[in-house]
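An overview of the molecular structure
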Amino acid sequence: MAALLTGSANPPLAATVAERLDTSLTPAHCTRFPDGESAVSVDPGVRNGDIYLLQPLTPPVDAQVMELALLADACRRAGARRCTAVMPYVGYARQDRRTAEGQAVGARVVADLLTAVGVDRVLAVDPHTAALEALFTGPVDAVSAVGLFAERLEGDLADAVVVAPDLGAVKRAERLAGRLGLPAAFVTKTRLSGREVAAGTLVGEVAGRRPLIVDDMISTGGTIEAAAALLRAHECAEPITVAATHGLFVEEADEVLAALGLAAVHVTDTLPQHTGGELPLRVHSVAPLLAAAIDALVHERPLGELAAHG
Ligand code: R5P
């Protein structure tokens, strides 16, 4: 018996995934004590079940990690046979290595915590780092929104160039460019702080072409802002379009991006999104992708075309 449960990070996405799987969500109760501690309980019917816990690690990230860990622990104590953490967005994935002496490796801490409480395997969407696979003891499967963006943007961008705003996005940009039959370019980026980045060199031809900037996530919007300035300095055509799987939009991100005069900002619903603000936001659901991946895992089928590589 397979069961899908949700934490409190993105219940609408979980409900849509359940609908696509033609099932209902198994009840899980997530609450918080007055002192801020998370408290959860799950339906005792999870005993012997193949459990899928859907919880993107959205801000407030630490609270969502803890809630997911408690849900996994509750399932294990209730006798679940197998527990898969479905993390549409994997927070802490940017902390996959030390970049300076004295730092912690946050992604490893999250992996160890989830493994310790009984998470057997992970399903993610466009995780920031492929190193996730090495950090978890159990299998990590990833699906990608690149195909979704390719379907939705096809035909719209005849004279475009797909741009990676940093080296980490190069493979993603090349995959999207390949799917759309477009050339690719990339920008080198230096991160100065959590909020500030500097775009360095542009590799590839963008003059007279409309850029489609593709990244795994938008957090403060600083990466997109810096890339857009460099592309404009190299006489790209207007307007610029952006596609990023995870729209975190923290701090002043909406204002930063709105000031860039973008044609559209395409994101998915791995995190809850609110349209109707000043951003030209287009939200595409990953629910069909996640439902297909969960169905494959439940029936022990390979993910095949759904799998993200690199
Ligand atoms: C970093 O390597 C990621 O791929 C994103 O480029 C970055 O996290 C986006 O953050 P921000 O929007 O704050 O620049």
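Above this text is the structure in question.
A quick note: this is a predicted structure, and the numbers were derived from the prediction, not measured.

About the cut-offs
- Residues numbered from 1 in each chain as written.
- Predicted model: local features only at pLDDT ≥ 70, side-chain atom pairs only at ≥ 80, totals over all residues.
- Heavy atoms only, no water.
- Pairing = 2+ DSSP bridges.
- Helix = DSSP H or I, 4+ residues; strand = E, 2+ residues; numbered from the N terminus.
- Axes fitted to C-alpha atoms, helices over the stretch in contact; angles between N-to-C directions.
- Contact = heavy atoms within 4.5 Å.
- Parallel < 35°, antiparallel > 145°, perpendicular 65-115°, else oblique.
- Left-handed = near helix turned anticlockwise from the far one by under 90°.
- Nonpolar A, V, L, I, M, F, W, Y, C, P; charged D, E, K, R; others polar.
- Buried < 20%, exposed > 50% of the residue type's maximum accessible area, 1.4 Å probe, protein only.
- Patch = residues over 30% accessible without salt bridge, like charges linked within 9 Å, V, L, I, M, F, W, Y side chains within 5 Å.
- Areas by Shrake-Rupley, 256 points an atom, 1.4 Å probe, with all protein chains shown as cover.
- Salt bridge = Lys/Arg side-chain N within 4 Å of Asp/Glu carboxyl O.
- Lys, Arg positive; Asp, Glu negative; His and termini not counted.
- Charge placed at Lys NZ, Arg CZ, Asp CG, Glu CD.
- Near = heavy atom within 4 Å.
- Polar contact = N/O pair within 3.5 Å; in protein donor to acceptor, adjacent residues only side chain to side chain.
- 1 Å grid on protein atoms, 1.4 Å probe; cavity = no way out; pocket = protein on both sides within 12 Å on 5 of 7 lines; lining within 4 Å.
- Sits in = over half its atoms within 2 Å of the grid points.

In any sheet, the strands associate via hydrogen bonds between backbone groups, in a parallel or an antiparallel arrangement. One open sheet accounts for seven strands, arranged E10-E9-E8-E11-E12-E13-E14; its pairing is mixed. Single-partner strands in this sheet number two, and they are strand E10 (197-203) and strand E14 (281-284). Each strand of the sheet is rotated relative to its neighbour by a mean of 25°, with strand direction disregarded. Note: strand E8 (residues 160-164) against strand E11 (residues 210-218), four bridges, orientation parallel. Within E11, the position partnered with Val-163 by the bridge is Ile-213. Its contacts with the sheet place helix H5 (residues 146-153) against E11, strand E12 (241-247), strand E13 (264-268) and E14, and it is angled at close to 140° to E13.

On to the packing of helix H2 (residues 61-77) against helix H3 (residues 106-116). As a packed pair, H2 and H3 sit with axes 9 Å apart at the nearest point and diverge in direction by 20°. The orientation of H2 relative to H3 falls into the category roughly parallel. For the pair H2 and H3, the sense of crossing is right-handed. In contact with Val-65, Leu-68 and Ala-69 of H2, H3 contributes Val-110, Leu-113 and Leu-114. Counted by class, the contact of H2 with H3 contains six nonpolar, no polar and no charged residues.

Turning next to the environment of Gly-221. Mapping Gly-221 onto the fold places it in the loop between E11 and helix H7 (222-233). Judged by relative accessible area, which is 4%, Gly-221 ranks as buried. Taking the C-alpha atoms as reference points, Gly-221 and Leu-248, separated by 27 residues in sequence, lie 9.2 Å from one another. Setting aside chain neighbours within four positions, we find Gly-221 in contact with Ala-253, Val-256 and Leu-257.

Judged by side-chain charge, Glu-252, Asp-254, Glu-255 and Glu-278 come together as a negatively charged surface patch. Here Glu-278 is to be found in the loop between E13 and E14. Its relative accessible area of 57% is what places Glu-278 among the exposed residues.

We now examine the site of the ligand. Around the ligand, a shell composed of 14 residues is seen, among which Arg-94, Asp-215, Asp-216, Thr-220 and Thr-223 lie nearest. Within the backbone of Gly-221, one N or O atom sits 2.8 Å away from an oxygen atom of the ligand. Between the ligand and Thr-223, the relevant distance is 2.5 Å, taken from an oxygen atom to a side-chain nitrogen or oxygen of the residue. Here the ligand has 370 Å² of accessible area as a free molecule, and 93% of this is covered by the chains. The pocket occupied by the ligand, as judged from atoms lying within 2 Å of grid points, is the largest pocket. Elements with a minimum of two residues in the shell around the ligand: strand E9 (184-191), E11 and H7. Residue contributions to the shell around the ligand peak at four residues, all from E11. Per-class residue counts for the shell around the ligand are two nonpolar, six polar and six charged.

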